[in-house]
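Geometric and topological summary
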Number of protein chains: 2
Amino acid sequence: MERIQRMTRQKKIILDILRSVKTHPTAEWIYQEARQQIPGLSLGTVYRNLNLLRDNGEIMELNYGSSQSHFDGTAANHYHFQCRECGGVYDLDLPLIKNIETKASGINGHQIDGHRLEFYGICEACLDRRRFEEND
Amino acid sequence: MERIQRMTRQKKIILDILRSVKTHPTAEWIYQEARQQIPGLSLGTVYRNLNLLRDNGEIMELNYGSSQSHFDGTAANHYHFQCRECGGVYDLDLPLIKNIETKASGINGHQIDGHRLEFYGICEACLDRRRFEEND
DNA sequence: TTAAATGCAAAAGGTTTGCTACTGC
DNA sequence: GCAGTAGCAAACCTTTTGCATTTAA
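Residue numbers here run from 1 along each chain, matching the order of that chain's written sequence. Lettering of chains starts at A and numbering of ligands starts at 1, both following the order in which they are written. Whole-chain, interface and lining totals are the exception, using all residues; otherwise, since this is a predicted model, local features are given only for residues with pLDDT of at least 70 and side-chain atom pairs are given and counted only at 80 or more. Only hydrogens and water are set aside; all other atoms, that is, all heavy atoms of the structure, feed into the side-chain values.

So, the protein's contact with DNA strand D
- Nearness of a residue to a molecule or strand requires only that one of the residue's heavy atoms be within 4 Å of it. Lining the immediate environment of DNA strand D, one finds 22 residues, of which Arg-3, Arg-6 and Thr-8 of chain A together with Tyr-47 and Asn-51 of chain B sit closest.
- For DNA strand D, the backbone portion of the atoms within 4 Å of the protein, that is sugar and phosphate, comes to 65%.
- Interatomic distance of 3.4 Å between a backbone N/O atom of Met-7 of chain B and a phosphate oxygen of DNA strand D.
- A distance of 2.9 Å separates a phosphate oxygen of DNA strand D from a polar backbone atom of Ser-69 of chain B.
- Every element with two or more residues in the surface near DNA strand D is listed here: helix H1 (9–20) and helix H3 (43–55) of chain A together with helix H3 (43–55) of chain B.
- The classification used treats Ala, Val, Leu, Ile, Met, Phe, Trp, Tyr, Cys and Pro as nonpolar, Asp, Glu, Lys and Arg as charged, and all other residues, Gly among them, as polar. Partitioned by chemical class, the residues of the surface near DNA strand D number six nonpolar, ten polar and six charged. Pairs of N or O atoms are called polar contacts if they sit within 3.5 Å, as long as, within protein, a hydrogen donor faces a hydrogen acceptor (for residues adjacent in sequence, only side-chain-to-side-chain pairs). The helix count covers DSSP runs of H or I at least four residues long, the strand count covers runs of E at least two residues long, and both are numbered beginning at the N terminus.

The structure is reproduced here in structure tokens:
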């Protein structure tokens, strides 16, 4: 019952861009990047491909705040940090907390099969900018 | 520089509803409930009040998935579980992980001041429904 | 009295979708 | 050849906002 996916030029470029950056960009940002390689690209195509790739387990969608989603080229679970000031999302190289899902499962009748841990604060770049602006 | 907030009838009812339920409803759900007490209530007012209450630290906004936000009458950090099937959000009575923010802070130059942990899976109600439907 | 909040409706912003043409496989 | 995809634009859905009016303190 699985749908067969085609590797179109558009999808390949979107995936390449996402895998080549360390940040976790929005669909709009990816669209602007990809358009440099495919001028006629449409934003709808970017969204459709990001959704296909996510459903296929090749990338991860991160939705923080209530605004736009960010996308992560690595699908395996890992933790993130989001800056309260600029909204940027960064990886956090903290080892996965083992057994946390098992521990949480014992508490009630829900069947737990995943978890997500995010940190918030001010990113290094915004901290630097603040220090710089203080010295006016 | 703090803005003075008034306790209007609308705001009080919205807060009362949110504090009286165990689930973490959406703005739309709260609107439908509150309208039974204030028929002329507008959805915009619900959103405005939820934002005011959140900014004031009286409630918490939870944004999972990319669709609607859920609201939690308890503002202090605690962990949640979201059902992949029905989208419902529940509290998870797991103690806060101590020092996790300190631990994460050492990794890079970001300044961390908060964290959020969510679990995913199938909720008890959906599990029950599945079992029931299997017995056709 | 008066600044804050309401109701209404319009607008905004991100994402999805219908449709026709095109293209991987 | 044909199902899956692209491009385009319109639709969708949640949330925000402008404005005239009302209301809490």
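Details of the layout of surface pockets
- The method works on a 1 Å grid over the protein atoms by themselves. A cavity is a set of points holding a 1.4 Å probe that cannot get out, a pocket is an open set with protein on both sides within 12 Å along at least five of seven lines, and residues with an atom within 4 Å of a point line them. Grid points are joined across faces, edges and corners, and a volume is the space filled by probe spheres set on the points. The volume enclosed by the largest pocket comes to roughly 630 Å³.
- Lining the largest pocket are 24 residues, with Arg-84 and Tyr-120 of chain A together with Glu-61, Asn-63 and Arg-116 of chain B positioned closest to its centre.
- Listing elements by their share of the lining of the largest pocket, those giving two or more residues are strand S3 (79–83) of chain A together with strand S1 (60–62) and strand S5 (111–122) of chain B.
- Of the residues contributing to the lining of the largest pocket, the split by class is eight nonpolar, twelve polar and four charged.
- Lining the second largest pocket are 18 residues, with Met-60, Glu-61 and Arg-116 of chain A together with Arg-84 and Tyr-120 of chain B sitting closest to its centre.
- Residue contributions to the lining of the second largest pocket peak at four residues, all from strand S5 (residues 111–122) of chain A.

Observations concerning the protein's contact with DNA strand C
- Taken together, 21 residues form the shell around DNA strand C, and within it Arg-6, Tyr-47 and Asn-51 of chain A together with Arg-3 and Arg-6 of chain B come nearest.
- Near the protein, meaning within 4 Å, the atoms of DNA strand C are sugar or phosphate in a fraction of 66%, with bases accounting for the rest.
- One of the backbone nitrogen or oxygen atoms of Met-7 of chain A is found 3.2 Å away from a phosphate oxygen of DNA strand C.
- Separating a phosphate oxygen of DNA strand C from a backbone N or O atom of Ser-42 of chain B is a distance of 3.2 Å.
- Secondary structure elements with two or more residues in the surface near DNA strand C: H3 of chain A together with helix H1 (9–20) and H3 of chain B.
- In terms of residue count, H3 of chain A provides more of the surface near DNA strand C than any other element does, four residues in total.
- Counted by class, the surface near DNA strand C contains five nonpolar, ten polar and six charged residues.

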